[in-house]
Amino acid sequence: SYLQALKKLQRSLGLKGEISLSQIIALPGVVAAPEQQSPQAQSGILKAAKAALAQWDKNRRREGKATEAALQKMVHDLEAAAQQMHVRTPQVVEEYRTRLTERIQALTAQPLDAGRLEQEIAFFAKECDIAEEIIRIQAHAAHLKTLLNSQEPVGRTLDFVAQELHREVNTVGSKSSDVEVTRIAIRMKGWVEQLREQAQNIE
């Protein structure tokens, strides 16, 4: 705008010569110098920024410790629940043996066919066998402990392990024919869901 106005003025006055860049720059508003902050202001801003970062780091560490404690408890509860399942599983088979024997005796006066009875019990034991699932749950729990003690980012790995745990616990629930084992599996599913939610808050 300045250049166009100067050229118009030059023509109207009949003046010769070139309009230089230095002339344009010297005009008001073409170039504005940045505002200079005083050393005191810069020092105050830097001090406030350092204090804010220190508080942020303190809060982050506090929240991290609380999250870690919650996850450690979940892992402990999962291990305890897996152990309860391990102890309960043989009892389930023995209770089934007793119920089946009593039912057969109530329905017939004929002597029991021990071989046939054992076949039925073996079939039942195979159908509700959760030993492999329990072993994998325990292995995943041990892996979680290792991750929680790591100094590296583990959020995605935690989420992956939680998904695997969820799969195993679901399998236990579908195989179980025992009320107590089913109840334990339901509690475990709740802990695994919480673990997955917490994993989203971890690097």
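What counts and how
- Residues numbered from 1 in each chain as written.
- Predicted model: local features only at pLDDT ≥ 70, side-chain atom pairs only at ≥ 80, totals over all residues.
- Heavy atoms only, no water.
- Helix = DSSP H or I, 4+ residues; strand = E, 2+ residues; numbered from the N terminus.
- Rg over C-alpha atoms; globule rule 2.2 N^0.38 Å.
- Buried < 20%, exposed > 50% of the residue type's maximum accessible area, 1.4 Å probe, protein only.
- Contact = heavy atoms within 4.5 Å.
- Areas by Shrake-Rupley, 256 points an atom, 1.4 Å probe, with all protein chains shown as cover.
- Lys, Arg positive; Asp, Glu negative; His and termini not counted.
- Charge placed at Lys NZ, Arg CZ, Asp CG, Glu CD.
- Polar contact = N/O pair within 3.5 Å; in protein donor to acceptor, adjacent residues only side chain to side chain.
- Axes fitted to C-alpha atoms, helices over the stretch in contact; angles between N-to-C directions.
- Parallel < 35°, antiparallel > 145°, perpendicular 65-115°, else oblique.
- Left-handed = near helix turned anticlockwise from the far one by under 90°.
- Expected span 1.5 Å × (residues − 1).
- Arc of directions from axis to C-beta.
- Core = buried A, V, L, I, M, F, W, Y, C linked by side-chain atoms within 4.5 Å.

S.K.: Describe the overall build of the chain, with residues and values.
M.R.: In terms of regular secondary structure, the chain is built from seven helices and zero strands. For the chain, the α and β elements follow one another from N to C terminus as α-α-α-α-α-α-α. Taking 17 Å as the expected radius of gyration for a compact globule of 203 residues, we find that the chain reaches 38 Å, considerably beyond that expectation. A principal-axis box enclosing the C-alpha atoms of the chain has dimensions of 135 × 40 × 25 Å. When each of the 203 residues of the chain is scored for burial, the buried share is 26%. Sequence-distant contacts, at least 24 apart, represent 71% of the contacts inside the chain between residues at least 6 apart. Counting every atom, the chain has about 14400 Å² of accessible surface; 56% of that belongs to carbon and sulfur. Taken together, the 27 basic and 26 acidic charged side chains of the chain have centroids lying 14 Å from each other.

S.K.: Which residues make up the side chain of S176, and what values go with them?
M.R.: Relative to the elements of secondary structure, S176 occurs in the loop between helix 6 (155-175) and helix 7 (179-199). Under the relative-accessibility criterion, S176 is labelled buried at 17%. Within polar-contact distance, the side chain of S176 engages the backbone oxygen of D178 at 3.0 Å. Separated by 3.2 Å, the side chains of S176 and T182 make a polar contact. The contact partners of S176, leaving out residues within four places of it in the chain, are V181 and T182.

S.K.: I'd love a proper account of the environment of A139, names of residues and values included.
M.R.: Checked against the element boundaries, A139 lands in helix 5 (residues 131-148). Since its relative accessible area comes to 43%, A139 is described here as partly exposed. Taking C-alpha positions, A139 is 29 Å from R62, a pair spaced 77 residues apart along the chain.

S.K.: Account for the environment of I202, naming residues and giving values.
M.R.: Along the chain, I202 falls in the segment after helix 7. In this structure I202 comes out as partly exposed when scored by relative accessible area, which is 25%. Sequence-wise, I202 and R156 are 46 residues apart; in three dimensions their C-alpha atoms are separated by 8.2 Å. Once residues within four sequence positions are removed from consideration, I202 is found in contact with T67, L71, V154, G155 and L158.

S.K.: An account of the packing of helix 5 against helix 6 is needed here, citing residue identities and associated values.
M.R.: Across the interface, helix 5 lies against helix 6 with an axial gap of 10 Å and an inter-helix angle of 160°. As judged from the angle between their axes, helix 5 and helix 6 are roughly antiparallel. The way helix 5 lies across helix 6 gives a crossing that is left-handed. For the pair helix 5 and helix 6, contact is made by E133, R136, I137, H140, H143, L144, L147 and L148 and by T157, L158, V161, E164, L165, E168, V169, T171, V172 and K175, respectively.

S.K.: Give me the lowdown on helix 7, citing residues and values where you can.
M.R.: If you check helix 7, its first and last C-alpha atoms are 30 Å apart, about what 21 residues at 1.5 Å a residue would give, namely 30 Å. Taken residue by residue, helix 7 has V181, I184, A185, M188, W191, V192, L195 and A199 as its buried positions. For helix 7, the angular spread of the buried residues around the axis is 125°, confining them to a single face. Helix 7 presents V179, I186 and E197 as exposed residues on the side facing more than 90 degrees away from its buried surface. For helix 7, the side-chain oxygen to backbone nitrogen distance between the N-cap and E180 is 3.2 Å, and the N-cap itself is D178.

S.K.: An account of the nonpolar core is requested, with residue identities and associated values reported.
M.R.: Grouped together as the largest cluster of nonpolar side chains are 37 residues, with contacts concentrated most on M85, L144, L158 and M188. If you list the elements that add at least two residues to this core, you get helix 3 (39-107), helix 4 (114-127), helix 5, helix 6 and helix 7. When residues in this core are grouped by element, the largest group, 11 residues, is from helix 3. In this structure, M85 is in contact with I130, I134, V172, V181, I184, A185 and M188, ignoring residues within four places of it in sequence.

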